[in-house]
Amino acid sequence: MTLISGYNQSAWEALIDQDRLNPKQTPRKRWRKAQAAEQAFWRNWRQNPLYGHIDLAGFWADVLAKTGGPRLAGHILDIGCGPVPALNFWRDAETQALGVDPLAAFYSENHIVESGPGLEPIAMWCGGGESIPIRDQVADQVFCFNVLDHVAQAESVLQEIRRILKPDGFARIYVHTFKAWICPFLFWDTPHVYHWSPSQFEALLQNHGFRIQTVLHEPKTFDLPSSLWGRLRNLPYWVASHTAYTSYFQLTLA
Ligand SMILES: C[S@@+](CC[C@H](N)C(=O)[O-])C[C@H]1O[C@@H](n2cnc3c(N)ncnc32)[C@H](O)[C@@H]1O
């Protein structure tokens, strides 16, 4: 188990399933391309004028409010946690946190991981959410923020979330979705593996055994330059600001 050490690591170490320690994964070519784009993004994200100014504590407070409120007690698994996970900024004394990300070692080795003042970064397991070496029904919450459209096999990740959640646990998910008419034309957007409309994504969740407790499809906005040239230079973001949503969910097991 490749574990990047961090806050409260032992609470999750006890829940490792030895039989799942050698996950089988067949990464898709498109996923590998998306992950290369992901590495390029995170290497320089603080220099990116569209993102670099973000107040992470405020950003995550907003996401938590839209996906079930500030309750953070118990075992929480953050799948696709990235280098600035919500639990590096918000947690309480009762939080037992573990991140899961195939780029965990990259984030750690390149010193991209950030956390709030006085907070040690959470421990991370370096691997994919399609096959996680953790026992069944142990998580009080699973987070999956801005990840499912980046993974190799979204269906397998949803199955893993279902398997690992306690029967009375809940999942918090957010994902970018698009107006249905534009989805077939987004094949050029290779940093993302999937493009769903809000209703396609809701159907995917329901078909994988989740009950939608709360949902919010919020139109996506970017702080784009006002000039035509400035907008053309940021064409993908300009298109997204007219066609994309951030879709927030709180889910329980159906
Ligand atoms: C857009 S980033 C979001 C990171 C973080 N959740 C956040 O919101 O800041 C997508 C993350 O998903 C991760 N990812 C890609 N494929 C994955 C997979 N198969 N399983 C788990 N995470 C994956 C990437 O490595 C990346 O860290």
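Residues numbered from 1 in each chain as written. Predicted model: local features only at pLDDT ≥ 70, side-chain atom pairs only at ≥ 80, totals over all residues.

S.K.: I'm lost on the overall build of the protein chain in this one. Help?
M.R.: Within the protein chain one finds eight helices and eight strands. Its C-alpha atoms give the protein chain a radius of gyration of 18 Å, near enough to 18 Å, the size a compact globule of 254 residues would have. Seen through its C-alpha atoms, the protein chain measures out along the principal axes to roughly 55 × 40 × 35 Å. By the burial criterion, 34% of the 254 residues in the protein chain qualify as buried. Sequence separation of 24 or more characterises 75% of the internal contacts of the protein chain that already satisfy a separation of 6 or more. (Helix = DSSP H or I, 4+ residues; strand = E, 2+ residues; numbered from the N terminus. Rg over C-alpha atoms; globule rule 2.2 N^0.38 Å. Buried ≥ 20, exposed ≤ 12 C-beta atoms within 10 Å, placed from the backbone. Contact = placed C-beta atoms within 7 Å.)

S.K.: What am I meant to see in the site of the ligand here?
M.R.: In the vicinity of the ligand there are 20 residues, among which Gly80, Gly82, Gly128, Gly129 and Val151 approach most closely. Looking at the shell around the ligand residue by residue, the classes come out as ten nonpolar, seven polar and three charged. (Near = placed C-beta within 6 Å. Nonpolar A, V, L, I, M, F, W, Y, C, P; charged D, E, K, R; others polar.)

S.K.: Can you help me understand the sheet that holds strand S1 (residues 3–4) in this one?
M.R.: Sheet strands pair via backbone hydrogen bonds, and the direction of the pair is either parallel or antiparallel. Judged by pairing direction, the sheet is mixed, and its eight strands sit side by side in the order S1-S4-S3-S2-S5-S6-S8-S7 without closing on themselves. A single partner strand is all that each edge strand has here, and the edge strands are S1 and strand S7 (210–219). As paired strands, strand S2 (residues 74–79) and strand S5 (residues 139–145) are joined by three bridges and run parallel to one another. Residue pairing for S5: Leu77 is matched across the bridge by Val142. (Pairing = 2+ DSSP bridges.)

S.K.: Just checking my understanding: could you explain the nonpolar core for this structure?
M.R.: A general trend in soluble globular proteins is that nonpolar side chains are found buried together. Among the nonpolar cores identified, the biggest contains 51 residues, and Leu77, Ile79, Val142, Cys144 and Ile161 are the most heavily contacted of them. Among all residues touching Val142, those that are not within four sequence positions of it are Leu77, Ile79, Ile161, Ile164, Leu165 and Ala171. (Core = buried A, V, L, I, M, F, W, Y, C linked by C-beta atoms within 7 Å.)

S.K.: Explain the pairing of S5 to me, please; I cannot follow it from the model alone.
M.R.: Successive residues of a regular strand alternate their side chains across the two faces of the sheet. With six of its seven residues buried, S5 lies for the most part within the structure. Across six bridges, S5 lies against strand S6 (residues 165–178) in parallel orientation. Bridge pairing in S6 links Gln141 to Phe170. For the handedness criterion, the β-α-β arrangement of S5, helix H5 (residues 154–164) and S6 is classed as right-handed. (Right-handed = clockwise from strand over helix to strand, strands pointing away.)

So far we have only geometry, and geometry alone does not tell us how the molecule works.
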